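Structural characterization, general
Each chain is listed here by its residues.
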Amino acid sequence: RLRESDPVGALRAVERCVAIDRKAIQHITNTSPNDLGLLNSRRNRLISTAAFAASAREEAGDFDAAIALRAEIADVLAARWGADHWRTKEARGLCDDVAGRKNLTLEQRDQLTAARRLEDEVRRAINSGKATGSALAQAEEVIDIRRDVLGEQHRIHHVPEARRGV
């Protein structure tokens, strides 16, 4: 609700949480590095709040801040899981995606926003059990828009090996 009524205030609050989590992670790392439960709990919280802040920053057009937050998330995941873990790779991919969207035109960003909204409609139809043939057509439209804007080789069109069970 705060995000809707006071988006700037909500973003400030979330960014304060990110800063607190950074300090907590540093403190735990320095004083109790073997307390993995506490450390990972703070890492998870930082990941969640930083992802929210990154999305809000990107929506506001502050791509550099969004990229920095996404990179921080990837670094936190790398510290926990390793650089080659699929979660870390996915986070780096999200960071690259934001960097790519930074270079899109306003029209292209609007097309991706429309595709995201259409995808949300399709998901709601599927989850409610009311999906029809039109939902399939809408899903194909989402794919077409993303392919046109992002290109055929964009990672969104390819299933990572880790997700295929390879």
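Residues numbered from 1 in each chain as written. Predicted model: local features only at pLDDT ≥ 70, side-chain atom pairs only at ≥ 80, totals over all residues. Heavy atoms only, no water.

1. Considerations on the overall build of the protein chain
- Helix and strand counts for the protein chain come out as 8 helices and 0 strands.
- With respect to the three principal axes, the spread of C-alpha positions in the protein chain is 55 × 45 × 35 Å.
- In the protein chain, the proportion of contacts linking residues at least 24 apart, taken out of those at least 6 apart, comes to 54%.
- Counting every atom, the protein chain has about 10,700 Å² of accessible surface; 51% of that belongs to carbon and sulfur. (Helix = DSSP H or I, 4+ residues; strand = E, 2+ residues; numbered from the N terminus. Contact = heavy atoms within 4.5 Å. Areas by Shrake-Rupley, 256 points an atom, 1.4 Å probe, with all protein chains shown as cover.)

2. Here we look at the packing of helix α6 (residues 106-128) against helix α7 (residues 133-150)
- Running from amino to carboxyl end, α6 crosses α7 at an angle of 155 degrees, the nearest separation of the two axes being 9 Å. One finds that α6 runs roughly antiparallel with respect to α7. Once α6 is placed against α7, the crossing between them reads as left-handed. Residue-level contacts link Gln108, Gln111, Leu112, Ala115, Arg116, Leu118, Glu119, Glu121 and Val122 of α6 to Ala135, Gln138, Ala139, Glu141, Val142, Ile145, Arg146, Val149 and Leu150 of α7. (Axes fitted to C-alpha atoms, helices over the stretch in contact; angles between N-to-C directions. Parallel < 35°, antiparallel > 145°, perpendicular 65-115°, else oblique. Left-handed = near helix turned anticlockwise from the far one by under 90°.)

3. Considering the packing of aromatic side chains
- Scanning all chains against the criterion turns up 0 aromatic pairs.
- Arg87 extends its terminal NZ or CZ atom over the ring of Trp81, reaching a point 4.4 Å from the ring centre. (Phe/Tyr/Trp six-rings, centres within 6.5 Å; stacked < 30°, edge-to-face > 60°. Lys NZ or Arg CZ within 6 Å of the ring centre and 35° of its normal.)

4. Quick word on the side chain of Asp97
- Here Asp97 shows up in helix α5 (residues 86-102).
- For Asp97, a relative accessible area of 12% corresponds to the buried category.
- A distance of 3.1 Å separates polar atoms of two side chains, one belonging to Asp97 and the other to His154. (Buried < 20%, exposed > 50% of the residue type's maximum accessible area, 1.4 Å probe, protein only. Polar contact = N/O pair within 3.5 Å; in protein donor to acceptor, adjacent residues only side chain to side chain.)

5. A few points about the packing of helix α4 (residues 63-81) against α5
- The interhelical angle for the contact between α4 and α5, taken along N-to-C directions, is 170 degrees, at an axis separation of 8 Å. Viewed along their axes, α4 and α5 adopt a mutual orientation that is roughly antiparallel. Across the interface between the two elements, Phe63, Asp64, Ala66, Ile67, Arg70, Ala71, Ile73, Ala74, Asp75, Leu77, Ala78 and Trp81 from α4 touch Arg87, Thr88, Ala91, Arg92, Leu94, Cys95, Val98, Ala99, Arg101 and Lys102 from α5.

6. Quick notes on the side chain of Thr49
- Here Thr49 lies in helix α3 (residues 36-59).
- With a relative accessible area of 15%, Thr49 lands in the buried category.
- In terms of polar contacts, Thr49 uses its side chain to reach the backbone carbonyl oxygen of Leu46, at 3.3 Å.
- In this structure, Thr49 is in contact with Val14, Cys17, Val18 and Asp21, ignoring residues within four places of it in sequence.

7. What to know about α3
- When the terminal C-alpha atoms of α3 are compared, their 34 Å separation across 24 residues agrees well with the 34 Å that a helix rising 1.5 Å per residue should span.
- Within α3, the full set of buried residues consists of Leu39, Asn40, Arg43, Leu46, Ile47, Thr49, Ala50, Ala53, Ala54, Ala56 and Glu58.
- Phi for Gly61, located one or two positions after α3, is positive at around 85 degrees. (Expected span 1.5 Å × (residues − 1).)

8. Some points on the pattern of salt bridges
- Per the stated rule, a full pass over the model turns up 11 salt bridges.
- Across the pair Arg45 and Asp21 runs a salt bridge whose closest N-O atoms are separated by 3.2 Å. Of this pair, Arg45 sits in helix α3 while Asp21 sits in helix α2 (residues 7-31); the two residues are 24 residues apart in sequence, bridging distant segments of the chain.
- For Arg45, a relative accessible area of 38% corresponds to the partly exposed category. (Salt bridge = Lys/Arg side-chain N within 4 Å of Asp/Glu carboxyl O.)

9. A closer look at the confidence of the model for the protein chain
- For the protein chain, the average pLDDT comes to 88, and 92% of its residues sit at 70 or higher.
- Between the elements of the protein chain, mean pLDDT differs from a low of 52, seen in helix α8 (residues 161-164), to a high of 96, seen in α4. (pLDDT = per-residue confidence, 0-100.)

10. With respect to the nonpolar core
- Ranked by internal contacts, the top residues of the largest apolar core, which has 18 residues, are Leu46, Ala50, Leu69 and Ile73.
- For this core, the secondary structure elements donating two or more residues are α2, α3 and α4.
- Considering each element in turn, this core owes the most residues, 7 residues, to α3.
- Those residues in contact with Leu69 that sit more than four places away from it in its chain are Val18, Arg22, Ala50, Ala53, Ala54 and Arg57. (Core = buried A, V, L, I, M, F, W, Y, C linked by side-chain atoms within 4.5 Å.)

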